[in-house]
Amino acid sequence: MTTLKILKYVVYDMLRSRMIIIYTALLFLVSFGIIYTGKDVSKAVISLLNVVLLIVPLVSIIFGTIHFYNSREFMEMVLAMPVERKHIFWAEYAGLSLTLAAGFTLGTGLPLLIYGGADGAIYLLLSGVLLTFIFCGLAFLGSVINKDKAKGIGFSLVVWFYMAVIFDALVLAGYFAFSQYPLEKATIIVSALNPVDLARIFILLKMDVSALMGYTGASLQQFFGSWFGMMYSGIFLLLWAVLPALAALRIFNRKNF
Amino acid sequence: MIQIDNLVKRYGKTEALKGVSVEFPKGSVCAVMGPNGSGKTTLLKSILGLVKPDSGSIEVNGVRLNGSSAYRKNIGYMPQYCCFPENLRVREIVAMLKDIRGNGCTYDYELAEKLNIRKIHDKPIGTLSGGTKQRVSCAIAFLFSQDIIILDEPTAGLDPVSSEIVKNKILAEKENGKLIIITSHIISEAEAIADRIIYMLEGNICFNSTKQTLYEQTGQNSLNKAIASLIQEGPII
C-alpha cells in the first residue's frame, strides 16, 4: 500500500521529466522513419530489432543510474518517515521501469500500429518492455554498490557494453577455439547469461529468420524448435528482470544514507 | 526520550562514532556541535535508521531500535541538503508526505504559514532556489507535530527573517514539551536556543552539559569563550 502511494508520485515526477518525453519522441521518429522508408512492415520489424536491442538497454541503464543518484536525498527524506526500505525501493524501481516501458511502447508501438502491425511486432514490444525492466534493475544494482555517481555511471556503461557488444564476440571466439567439439548445447546455456541475446532469440524465433539469430539462437531453434526456445528465453528474461533487482534490494536494506 | 548507548559506526577504516553514549531529555533543545567530520550527522542519521550502526543501542521513547520503522512516526526530520523530485510541485510533495504518514496525524501549519509556503504551492521544486527549498523542508519537519524533531543545520541556507521564525518555532515547541535536536556551526545561534550543548570531536563526545553548567565550569559568560577554553583543556566528561 505504501509502495503504491510513493509510486504514484514517482510516476508523476517521471512523466514530467524532459528525458522521458525526448526518449519517446526519438523512438517514434526512428520507428516511423524505418517503416516509412522500408515499405514492408515485417522487414521493418527486423530493423527495429537492432534499435530495441541497443538503444533500450542503453537508455534504461544510464537513465536509471542517474535517476537513482538524483533521488538519493529524496529517498533519505522518505526513509526518515515510518516507511520500510523495501517500499521506497520498489516504488522507485517500478516508477522508473513503468514510465520508461510506457515511453518505449508508445514510441515504437504507435508507428507499427499506424502501418497495420506485423508478425513479430507484439514480441518486439514485449521484449523491449522486459529489457527495460532488466536494465533498470541492473542500473539500481550498480547504483547501490557504488557510492560515487561517476563510478556508478561507469559501471552501467561497462555492463551495457558487455551485454550489447562484447558478449557476442566472446561467444564467437569460444566457438572458433573449440570448433572440434559439439557446442550446440553449451551455447544454449551460455545465451542465458545475456538478456540482450535472450531477447534477440525471443523475437527472431517467432519471425523465422534464423540467419539473424546469432549462433546461440540458431542452435536453440535447431535443437528444440520455436516453442521451447520461446519458453526458455522467456523464463530467463523474467529471471533477469527479478534477480538483479532483488540483489539490489538486499544491499539497499543494509545501506547507509 | 532518546537514549544512546555505546554507539559505534565505521565507514571502512574510518570510525565515525567511537562508542557514543548520550541521552536527549524531553522538553529541551539539544545542540550537537563540533567540527566537520566529527560524527554529528552520523549520530542523527543513526537515530533515524538511515545509518546502520555496527554496535551499541538506541532507544526512542523507551523502544529499542530493531529495524522496524514504526517508531519514526514520532520523529520529524529536516536533512542538511534537501532534494525533492524536481518535477513535483510543493503542494504535491506535501500531499505525498501526508499520504505516506497516513491518518491520525494532527497537522501543524503554523511554520508553513509563517514561512509563506502557500505562496509557492504551485511551483515545481526544480524552479525553487536553495534557500526556498530549505524553507519548504523546514516547514515539513514541523508539519506532523511529532514529539521529536531533528534538524540538521536548519538555518544554514535561510535568510535572517526566516531563520528567526524557525528559531522562535523551535523555542515554542520546546515549551510544548517536545525534544528538538539541532546541529549547528553557529555558536551564537546555539547559545540563543539550546539548553544543552553536546560537543563532538572525532567520533567522541567531548562534553555534554547544559549552558549554565558550562558557564559555571569555565567561568566564562559567553558560549564561544566557554567552548574555546574547554577544548584547550581537553575533554572533561
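Not measured: the values here are computed from a predicted model.

Chemist: Lay out the overall build of chain B with the relevant residues and their values.
Modeler: Counting its regular elements, chain B contains 8 helices and 10 strands. In summary, chain B has a C-alpha radius of gyration of 18 Å against a globular reference of 18 Å for 237 residues, a match within 12%. Seen through its principal axes, chain B has C-alpha atoms that stretch 55 × 40 × 35 Å. Within chain B, the proportion of its 237 residues that are buried is 53%. Here the contacts in chain B between residues at least 6 apart in sequence split such that 69% fall between residues at least 24 apart.

Chemist: Run through the pattern of salt bridges, naming residues and quoting values.
Modeler: Per the stated rule, a full pass over the model turns up 16 salt bridges over all chains. The shortest N-O distance in the salt bridge between A:D168 and A:R200 comes to 2.9 Å. Of the two residues, A:D168 is situated in helix α7 (residues 149–177) and A:R200 in helix α9 (residues 195–207); the sequence distance between them amounts to 32 residues. Residue A:D168 is classed as partly exposed on the basis of its relative accessible area, which comes to 31%. Close ionic contact of B:K169 with B:E110 constitutes a salt bridge, the shortest N to O distance being 2.9 Å. One end of the pair, B:K169, is in helix α5 (residues 160–175); the other, B:E110, is in helix α3 (residues 110–114), and 59 residues separate them in sequence. Taking the relative accessible area as the measure of exposure, B:K169 reaches 3% and is therefore buried. Linked through salt bridges whose partners overlap, the residues forming this network are B:D108, B:E110, B:K114, B:K169, B:E173 and B:K178.

Chemist: Tell me what's going on with the sheet that holds strand β9 (residues 196–201) of chain B, and back it up with residues and numbers.
Modeler: Strands in a sheet are paired, the pairing made by backbone hydrogen bonds, and the direction either parallel or antiparallel. All names here are of chain B. Taken in spatial order, the 6 strands of this open sheet run β6-β7-β8-β3-β9-β10, and their pairing is mixed. On the outer flanks of this sheet lie β6 (75–78) and β10 (204–210), each paired with one strand and no other. Strand-to-strand, the axes of this sheet are offset by a mean angle of 15 degrees, without reference to chain direction. Of the pairings in the sheet, the one linking β6 to strand β7 (residues 148–152) comprises 4 bridges and is parallel in character. By the bridge assignment for β7, G76 is matched with I149. Across the sheet, helix α4 (residues 130–143) lies against β6 and β7, angled at about 175 degrees from β6, the strand it touches most.

Chemist: Give a detailed account of the environment of B:N66, specifying residues and quantitative values.
Modeler: Residue and element names in this part refer to chain B. Turning to its location among the elements, N66 is positioned in the loop between β5 (63–64) and β6. With relative accessibility at 64%, the residue N66 sits in the exposed group. Sequence separation of N66 and G49 is 17 residues, and the distance between their C-alpha atoms is 9.4 Å. One polar contact links the side chain of N66 to the main-chain amide nitrogen of S68, over a distance of 3.3 Å.

Chemist: Quick rundown of unusual backbone geometry? Include the residues and the values.
Modeler: Residue and element names in this part refer to chain B. Of note, the phi angle at N61 is positive, near 50 degrees, even though the residue is not glycine. Among the secondary structure elements, N61 is positioned in the loop between β4 (55–60) and β5. If you check the backbone angles, E153 has positive phi at about 50 degrees while not being a glycine. Here E153 shows up in the loop between β7 and α5.

Chemist: Outline the confidence of the model for chain B, supporting the account with residue identities and numerical values.
Modeler: Fine structural detail should not be taken from predicted coordinates in areas where pLDDT scores are low. Residues and elements named next belong to chain B. Put simply, chain B has an average pLDDT of 85, and 98% of its residues get 70 or more. Within chain B, helix α8 (residues 223–233) has the poorest average pLDDT of any element, 75, and strand β8 (residues 179–183) the best, 91. Here the predicted complex scores 0.88 on pTM and 0.85 on ipTM.

Chemist: Account for the packing of helix α3 (residues 41–70) of chain A against helix α5 (residues 85–114) of chain A, naming residues and giving values.
Modeler: Any two packed helices are characterised by how steeply their axes cross, that is the angle between the axes, and by the distance between the axes. All names here are of chain A. Where α3 contacts α5, the two axes come as close as 11 Å, and the packing angle between them is 155 degrees. The angle between α3 and α5 falls in the class roughly antiparallel. Along this stretch, α3 crosses α5, giving a crossing that reads as right-handed. On the side of α3, the interface is formed by V41, V45, L48, V52, V56, V59, S60, F63, G64 and H67, while α5 contributes E92, L96, L100, F104, T108 and L112. Looking at the contact of α3 with α5 residue by residue, the classes come out as 11 nonpolar, 4 polar and 1 charged.

Chemist: Tell me about helix α1 (residues 2–15) of chain A, and name the residues and values.
Modeler: Over its 14 residues, α1(A) extends 20 Å from the first C-alpha to the last, a length consistent with the 20 Å expected when each residue adds 1.5 Å. The inward-facing, buried residues of α1(A) contact α2 (18–38), α3, α4 (72–79) and α5 of chain A together with α2 (90–101) of chain B.

Chemist: Can you tell me about the pairing of β4(B), naming the residues and giving the values?
Modeler: All names here are of chain B. Pairing between strand β1 (residues 2–11) and β4: 5 bridges, direction antiparallel. When the sheet's bridge partners are listed, I2 is paired in β4 with V60. As judged from the 2 bridges shared by β4 and β5, these two strands associate in the antiparallel manner. Note on β5: the bridge partner recorded for V60 is V63. Count of turn residues in the β4/β5 antiparallel hairpin: 2 residues, of which N61 carries a positive phi of about 50 degrees.

Chemist: Outline the layout of surface pockets, supporting the account with residue identities and numerical values.
Modeler: Looking at the largest pocket, its volume works out to about 590 Å³. Going through the elements one at a time, α4 of chain A together with β2 (14–24) and α1 (40–47) of chain B are the ones with two or more residues in the lining of the largest pocket. Considering every element that reaches the lining of the largest pocket, the biggest residue donor is α1(B), with 4 residues. For the lining of the largest pocket, the per-class residue count stands at 8 nonpolar, 9 polar and 8 charged. The volume enclosed by the second largest pocket comes to roughly 430 Å³. Lining the second largest pocket are 24 residues, with B:G49, B:K52, B:N66, B:G67 and B:S68 positioned closest to its centre.

Rules used in this analysis
- Residues numbered from 1 in each chain as written.
- Chains lettered and ligands numbered in written order.
- Predicted model: local features only at pLDDT ≥ 70, side-chain atom pairs only at ≥ 80, totals over all residues.
- Heavy atoms only, no water.
- Helix = DSSP H or I, 4+ residues; strand = E, 2+ residues; numbered from the N terminus.
- Rg over C-alpha atoms; globule rule 2.2 N^0.38 Å.
- Buried < 20%, exposed > 50% of the residue type's maximum accessible area, 1.4 Å probe, protein only.
- Contact = heavy atoms within 4.5 Å.
- Salt bridge = Lys/Arg side-chain N within 4 Å of Asp/Glu carboxyl O.
- Pairing = 2+ DSSP bridges.
- Axes fitted to C-alpha atoms, helices over the stretch in contact; angles between N-to-C directions.
- Polar contact = N/O pair within 3.5 Å; in protein donor to acceptor, adjacent residues only side chain to side chain.
- pLDDT = per-residue confidence, 0-100.
- Parallel < 35°, antiparallel > 145°, perpendicular 65-115°, else oblique.
- Left-handed = near helix turned anticlockwise from the far one by under 90°.
- Nonpolar A, V, L, I, M, F, W, Y, C, P; charged D, E, K, R; others polar.
- Expected span 1.5 Å × (residues − 1).
- 1 Å grid on protein atoms, 1.4 Å probe; cavity = no way out; pocket = protein on both sides within 12 Å on 5 of 7 lines; lining within 4 Å.
- Points joined across faces, edges and corners; volume = space filled by probe spheres on them.

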